[in-house]
Amino acid sequence: MPQTRVSPVNWIRIVLLWPLLIGVLATVARAQQSPDKTPVAIVPPVLRLAPLSKTADSPVVTALAIDPSGSYAAAAGDDHVIRIFSLNDIASPFPQSALLDGHRDWVQGIEFSPDGKLLATCGKDGKLQVWKREAAQSDSQTNLGSWKQLWSIDVPHALFSLTFVDNQALLVAGFDPSIYSLDLETLQWTVDHRSQSADVRTLAVSNDKSYLAYGGRDGVVRIKPLSSTGRSSQEGGFAIAAHNHRVRGLCFSQNGSMLYSVGEDRRLVGIELKTQSVQYQNDLGAGRLMAIERLAEDRYAVSGSDNTIRVVKPGTIEPQETKIIGVKLIGHDGTIAVLRASGDHLFSGSFDTTIRSWDIASALSSADAQGRFVHPISAQYEDSSARERIR
């Protein structure tokens, strides 16, 4: 009886697809073992935003948001279009998307409202758009629903960041001292207050909605109390010169006692609100830091221009002899501009045109002796000059 032989072409297919198959099967197995954990049950390890035409390339990813249920995401980049897609769509690396347009330049900020009914976007074109989600049709397979533009405005300068205070208020800032406020019930657009910085790159609101923080080109982090209506208070507040270059990311701790910032000076800084002082700072020795996201157990993910994500726990003393700061997540081949956490997963968007999904528990438990965890799909070491790919 003749033996069945596998052709060389099929062997190559098996070798190339095997890591993807292993990653998907492992994710499914973990999801089945913890059915009670709500957000993000099954996600593909790597996604790309589908090109708008056959001759176009996938856009770089500059903005990303996960809806509160963890079931779908919105992303955008340098082709100016917002894509909303299911996080459970593993049939293709280019998930089926609902497309929202209207921007004329790079989209810099995307956020869902806390109840998931609104989506706000802003960009370098100076446009702010607010979209309202309408009920999905019963035969919809993706449950993306339809999105209708609720409100938009153009200002004469770039907009870089936005954040919902709650379901009734939205704060927006950019290349101007103005911190704008939009009342989502009356759709009244006003200047909440004027900052001393003419270039605000990032905004953050504490979990209890008590504080607003923002920072930008001058390296100063400013914290202001918020009223019950989502407006900043003229009384109180303070400012700290936390960085030597632009502040790029801000994140409050879960209990609101600390504010962490990252900047182009490569430093992670922790500010205690009670004492109004810097209580933690660390030069991560990386490229310019662009994003920070809070994870479980007081850990934070930090990323930037060195193509690497670092998972750190501020305040934890690392052994001096190891010189290892947290765990490095390796796999991107371009600046990692945005980080979003949902449930047990971290999502990262990059200039390499990919969105990668990381199982944080697996990454922390599987890091090597140098504190590195390599993404299973198309991974690359952080030393981009070496171009040494993991097979």
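Scoring rules and cut-offs
Residues numbered from 1 in each chain as written. Predicted model: local features only at pLDDT ≥ 70, side-chain atom pairs only at ≥ 80, totals over all residues. Heavy atoms only, no water. Helix = DSSP H or I, 4+ residues; strand = E, 2+ residues; numbered from the N terminus. Buried < 20%, exposed > 50% of the residue type's maximum accessible area, 1.4 Å probe, protein only. Contact = heavy atoms within 4.5 Å. Areas by Shrake-Rupley, 256 points an atom, 1.4 Å probe, with all protein chains shown as cover. Pairing = 2+ DSSP bridges. Axes fitted to C-alpha atoms, helices over the stretch in contact; angles between N-to-C directions. Salt bridge = Lys/Arg side-chain N within 4 Å of Asp/Glu carboxyl O.

Peer 1: Before we go on, may I ask you to explain the overall build of the protein in this structure?
Peer 2: What the protein contains, in helices and strands, is two helices and 29 strands. Expressed as a percentage of the 391 residues in the protein, the buried residues total 51%. Restricting to contacts in the protein with at least 6 residues of sequence separation, those with at least 24 account for 48%. In the form shown here, the protein has an accessible surface area of approximately 18700 Å², with 49% of it arising from carbon and sulfur atoms.

Peer 1: When you look at the pairing of strand E6 (residues 107-112) in this model, what are you seeing that I'm missing?
Peer 2: In the case of a regular strand, side chains alternate between the two sheet surfaces. Of the pairings in the sheet, the one linking E6 to strand E7 (residues 118-123) comprises five bridges and is antiparallel in character. Considered in E7, the bridge of Glu111 is made with Ala120. If you look at the hairpin formed by E6 and E7, you'll find five residues sitting between the two strands, and Gly116 has a positive phi there, around 75°.

Peer 1: Looking at this structure, how should I read the sheet that holds E7?
Peer 2: Within a sheet, each strand pairs with its neighbour through backbone hydrogen bonds, oriented either parallel or antiparallel. One open sheet accounts for four strands, arranged E6-E7-E8-E9; its pairing is antiparallel. Looking at strand neighbours, the two that pair on one side only are E6 and strand E9 (146-154), the edges of this open sheet. Going from strand to strand, the sheet's axes swing by 20° on average, the running direction of each strand aside.

Peer 1: What am I meant to see in the pairing of strand E25 (residues 327-330) here?
Peer 2: Sheet topology note: the strand E24 (residues 308-312)/E25 ladder contains four bridges and is antiparallel. The residue bridging Ile309 from the neighbouring strand is Leu329, located in E25. Inspection of the sheet shows E25 paired to strand E29 (residues 372-374) by three bridges, in the parallel sense. From the neighbouring strand, Lys328 faces E29, where its bridge partner is Arg372.

Peer 1: Got a minute to help me understand the pattern of salt bridges in this structure?
Peer 2: Two side chains with opposite charge may pair up if their charged atoms get near one another. Taken as a whole, this structure holds 16 salt bridges when the rule is applied. Put simply, Arg267 and Asp265 hold a salt bridge, and the shortest N to O gap is 3.3 Å. A residue is classified by how much of its surface remains accessible, and Arg267, at 14% relative accessible area, is buried. By sharing partners, the salt bridges in this structure join Asp199, Arg201, Arg246, Arg248, Glu264 and Arg288 into a single network.

Peer 1: Looking at this structure, I do not really get unusual backbone geometry. What am I missing?
Peer 2: Leave glycine aside and you will find that most residues have negative phi; peptide bonds, for their part, are mostly trans. Positive phi, close to 60°, is recorded for Glu297, a residue that is not glycine. For Glu297, the location among the structural elements is in the loop between strand E22 (289-294) and strand E23 (300-304). The class for Glu297 is exposed, based on a relative accessible area of 57%. Even without glycine at this site, Asp298 takes up a positive phi of about 60°.

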